[in-house]
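Results of the structural survey
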Amino acid sequence: STVKTGFSILIDDKELIGRSEYRWTSGGNEWQVTAEGALNSLDNTSRLFEMRPDGGFDEIELIGGTARVEEDRYEVIGSVGRSLSPNVTMKLAAGGEYSQLTQVGSGGKTRTFYRPKGELSAAWKVSPRTDINFKLARRVGQLNFFDFLASVNLQDENANAANPDLVPEQSWDLDVEAVRNLGTLGSTTLRVYGRQIDDIIDYIPIGATGESPGNLDNAIVYGIESRSTLNLDRYGWNGARLDASMTLQESEVDDPLTGESRPISDSLLRAGSLAVRHDIPNSSWAWGVGASGQINALSYRLTEVGRFWEGPVWGDLYVENKDVYGMTVRAGIANLVGADSMWDRTVYTGRRTGPVAFIEERDRVIGPIFTFAVRGKF
């Protein structure tokens, strides 16, 4: 017989942020100093129950499900920007972040971190119509406080153990972007990027059988992105434009269970969109139609692997009037081509190195989505 269980969670979270900026100009340089402080906290009470034959419930101990997580975080960044030549400008920002993470209860501890942060960016106007932008940044991520605590997912029949040892991700981010102004025809942008991530968060083993979000040594992400806008007036369709975008991305991380290289769990692999908008000349009316799709990598836990996605293609259509008593009114229909919600996963007996326990395939109809929007000033 199936054991019936229940799970309850009581959450009290708070966030207080203060920020100040000071800017001045001296010697042809633009200077800025920013300071930010944040006080965040999460009080979490999670309880797990099992139903008795008489219909009552007995509570099951959920180690690490109840605790308080606190963060005191302070950041100071100084920056300077200037023109290096008539066609080249640069900006350098440097500083650091101090944070103190405290977990009260459930094996809690207090830890202190000092993390450098900064960014070097430059813009080069190669020609009147071509710009190249460069950016190299050292970033520090933010933690999800719920990842510290134990939790249970009754729908998918899996659980996270508590992990008080989480640390924020850090990364070196490199972006190079070229923008070409095509005049009356439109514009196009090509961007290449890469990330070297330290302490990336993924599911890691906890004890002999448990798992929880935790830190792996490092990972890399790299990709290429293209965005273009094409005005169709010169082709005889006055008031119309075509917008297109495409992203191709790859990533690599060493699986904490097998040691093999694989994509980052649920990371983007491919994405694309195509949209046409027509502002009807000499009128307040416009309409548009578009399609988009996205493919992500598999999601990995230590006990299962799967993919959740909606698609494969989303389509939408809208009609808009830009002057209804000074406001813009739009009516639209989304999901024109029947995108579904899909969830495929393989669950193993024990961890992923063991035999398969079962395979789940889910395909849920989403149906058409009708929208009505009004925007403007009253």
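Thresholds applied
- Residues numbered from 1 in each chain as written.
- Predicted model: local features only at pLDDT ≥ 70, side-chain atom pairs only at ≥ 80, totals over all residues.
- Heavy atoms only, no water.
- Helix = DSSP H or I, 4+ residues; strand = E, 2+ residues; numbered from the N terminus.
- Buried < 20%, exposed > 50% of the residue type's maximum accessible area, 1.4 Å probe, protein only.
- Contact = heavy atoms within 4.5 Å.
- Lys, Arg positive; Asp, Glu negative; His and termini not counted.
- Charge placed at Lys NZ, Arg CZ, Asp CG, Glu CD.
- Pairing = 2+ DSSP bridges.
- Patch = residues over 30% accessible without salt bridge, like charges linked within 9 Å, V, L, I, M, F, W, Y side chains within 5 Å.
- Areas by Shrake-Rupley, 256 points an atom, 1.4 Å probe, with all protein chains shown as cover.
- Salt bridge = Lys/Arg side-chain N within 4 Å of Asp/Glu carboxyl O.
- Core = buried A, V, L, I, M, F, W, Y, C linked by side-chain atoms within 4.5 Å.

Regarding the overall build of the protein chain
A tally of regular secondary structure across the protein chain gives zero helices and 25 strands. The principal-axis extents of the C-alpha atoms in the protein chain amount to approximately 75 × 55 × 50 Å. Classification of the 378 residues of the protein chain by burial places 34% in the buried group. The long-range share in the protein chain, meaning contacts at least 24 apart out of those at least 6 apart in sequence, stands at 61%. The centroid of the 39 positive side-chain charges in the protein chain is displaced by 7 Å from the centroid of its 52 negative side-chain charges.

Regarding the pairing of strand E11 (residues 186–198)
Both strand E10 (residues 170–181) and E11 contribute to a ladder of twelve bridges, which runs antiparallel. Bridged to Asp175 within E11 is Tyr193. Linking E10 to E11, which pair antiparallel, is a turn of four residues; within it Gly183 sits at a positive phi near 70°. Looking at chain direction, E11 and strand E14 (residues 218–231) are connected through 13 bridges and run antiparallel. Residue pairing across strands places Asp198 opposite Asn218, the latter belonging to E14.

Observations concerning a nonpolar patch on the surface
A grouping of Leu92, Leu120, Phe134, Leu136, Trp172, Leu174, Val176, Leu190, Val192, Ile224, Met246 and Leu248 is seen on the molecular surface, where their side chains present a nonpolar patch of about 930 Å² in accessible area. Broken down by element, the nonpolar patch gets its largest block of residues, three residues, from E10. Positionally, Ile224 belongs in strand E14.

Describing the nonpolar core
In terms of nonpolar packing, the biggest core is built from eleven residues, these being Leu42, Ala67, Val69, Leu101, Phe113, Leu143, Phe145, Phe148, Leu149, Leu166 and Val167. Not counting the four nearest positions on each side in its chain, Leu42 is found in contact with Ile11, Asp12, Asp13, Ala67, Arg68, Val69, Phe145, Phe146 and Leu149. One finds Leu216, Ala219, Val253 and Ile264 within the second-largest nonpolar core, a separate group that totals nine residues.

Structural notes on the sheet that holds strand E23 (residues 340–348)
If you walk across this open sheet you meet the four strands as E19-E20-E23-E24, and the pairing is antiparallel. Across the chains shown, the open sheet's two edge strands, defined by having one partner strand only, are strand E19 (299–300) and strand E24 (356–365). Here eight bridges tie strand E20 (residues 304–311) to E23, and the two strands are oriented antiparallel to one another. For Glu304, the partnering residue across the bridge sits in E23 and is Val347.

Digging into the pattern of salt bridges
One pass over the structure, following the stated rule, counts 35 salt bridges. The salt bridge involving Arg227 is made with Glu225; its shortest N-O contact spans 3.3 Å. By relative accessible area, Arg227 is classed as partly exposed at 34%. Overall, Glu225 belongs to the buried group, its relative accessible area being 17%. Measuring nitrogen to oxygen at the nearest pair gives 2.9 Å for the salt bridge that ties Arg345 to Glu304. Placement of the pair is Arg345 in strand E23 and Glu304 in strand E20, with a sequence separation of 41 residues.

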